[in-house]
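# Inside the fold
Given next are the chains, with one letter for each unit.
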Amino acid sequence: MAKSPRYRARRQSLSDRAQVLFKQLVEDFLRDGQPVGSGKLVKTSGLDVSSATVRNIMVDLESQGLVSSPHTSAGRMPTQLGLRLFVDSLISVQPLGQELVEKLHTSFADGYSPMELVETASNLLSEISQLAGLVTTPDPEQDELRQIEFLKLAGKQVLVILVVNEKEVQNRVIETERNYSATELQQAANYINQEFGGSSLRSVRQGVLDSMRSDQFRMNELLQTAVDVASKTFERESEHDFVLSGERNLVNLMSSSEEIQTILDALSSKSAIIHLLDECIGSEGVKLYIGQESGYDLLGEYSIITAPYEIDGTIAGVLGVVGPTRMSYQRVIPLVDITARLLGSAMDHAN
């Protein structure tokens, strides 16, 4: 996880005592969810200091925007700025237990398709973190078309059967521009298989469209059919999709219907989530968005911890955990990191 020079400098501006007390305050708050008082810090920090000294240091931390107090008689809690300083400069990451590591290893079973592996990773992240787990499907550039078949359904609907890579079978129902006969659909499938078998799914649609333009003065009926069905079949290949698990875990943490609706709205805002995850794909290692850092108001009280996963040495997608800003970063960060590594390894064997 990259360290920000800005937060290293802020850490260096704190005395050793202030760093110890601030770190203890954050850890206590993340564990208990309650503001931390000076008296408690005297007992838990291990420092030989008085409550008055601790209070003075807390006043200084508050003036720097690192902690806040919900009301005058309460203890203090870290702000989002304080949480950022904590995860960038002060966190003590907790290694996962051997039993949990073995569970992760054995969960990615041989014989799973890439989509089954994505779903497994999302469920594991949710189950272990008790938050929401999400995993993007592999970059469409990674998926190669082996065979396509079109089966006529009622009206203008067509069932598309895709064989991708070596093992994965995908079924999609599309709505075409007009009714096609079974013969027309068979001819279109034969054309696409012959011309584009082995190509990435993302490139098939563009390849058919380019073929159309090369004969723009007179496009025969076969190509017209292929353009229609290919455009509808592969229009979703322009961006990542993602699998989300554990929404109920977040709902159970909410104390009001308004909070529940806010997080459900945030998770249903696919464009916002995809945008954030796509940003993470280009970065190495674990990446965090804390609260307002995401740039989306609906996620203002939530954190997202992500890591990219690789297929054959190339970044193919990203996975992560979504939860309240008061989450156990010490535990979730290594969970996300190792799950990304194991998913990538399993994907290598699945292709």
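In the block above lies the structure referred to throughout.
To start, this report covers the structure provided alongside it. (Residues numbered from 1 in each chain as written. Predicted model: local features only at pLDDT ≥ 70, side-chain atom pairs only at ≥ 80, totals over all residues. Heavy atoms only, no water.)

### Some details on the sheet that holds strand 7 (residues 242–245)
Pairing is antiparallel in the open sheet, where 5 strands are placed in the order 7-3-10-9-8. The sheet terminates laterally at strand 7 and strand 8 (287–290), the two strands that pair on one side only. Neighbour-to-neighbour, the strand axes of this sheet turn through a mean angle of 15 degrees, independent of strand direction. Across 4 bridges, strand 3 (residues 132–136) lies against strand 10 (residues 314–324) in antiparallel orientation. Among the inter-strand pairings, Gly-133 is bridged to a residue of strand 10, identified as Val-321. Against the sheet, helix 7 (residues 114–129) contacts strand 3, strand 7, strand 9 (302–311) and strand 10, and its axis sits at roughly 155 degrees relative to strand 3. (Pairing = 2+ DSSP bridges. Helix = DSSP H or I, 4+ residues; strand = E, 2+ residues; numbered from the N terminus. Axes fitted to C-alpha atoms, helices over the stretch in contact; angles between N-to-C directions. Contact = heavy atoms within 4.5 Å.)

### Remarks on the nonpolar core
Among the nonpolar cores identified, the biggest contains 80 residues, and Phe-22, Ile-305, Tyr-309, Tyr-329 and Leu-343 are the most heavily contacted of them. Excluding residues within four positions of it along the chain, Leu-343 makes contact with Phe-108, Leu-117, Val-118, Ala-121, Val-135, Tyr-309 and Leu-319. In terms of nonpolar packing, the next biggest core, distinct from the first, is built from 24 residues, Tyr-180, Ala-189, Ala-226 and Val-227 among them. (Core = buried A, V, L, I, M, F, W, Y, C linked by side-chain atoms within 4.5 Å. Buried < 20%, exposed > 50% of the residue type's maximum accessible area, 1.4 Å probe, protein only.)

### A word on the packing of helix 6 (residues 98–107) against helix 14 (residues 329–350)
Contact geometry of helix 6 with helix 14 gives a least axis separation of 10 Å together with a crossing angle of 30 degrees. Classified by the angle between their axes, helix 6 and helix 14 sit roughly parallel to one another. Relative to helix 14, helix 6 is oriented so that their crossing is right-handed. Taking contact as the criterion, the partners of Leu-100, Val-101, Leu-104 and His-105 in helix 6 are, on helix 14, Arg-331, Leu-335, Ile-338, Thr-339 and Leu-342. Its residues assigned to classes, the contact of helix 6 with helix 14 shows 6 nonpolar, 2 polar and 1 charged. (Parallel < 35°, antiparallel > 145°, perpendicular 65-115°, else oblique. Left-handed = near helix turned anticlockwise from the far one by under 90°. Nonpolar A, V, L, I, M, F, W, Y, C, P; charged D, E, K, R; others polar.)

### Comments concerning the environment of Pro-114
Mapped onto the elements of the fold, Pro-114 is located in helix 7. Owing to a relative accessible area of 6%, Pro-114 belongs among the buried residues under this scheme. As a C-alpha pair, Pro-114 and Gly-344 span 230 residues in sequence and 10.0 Å in three-dimensional space.

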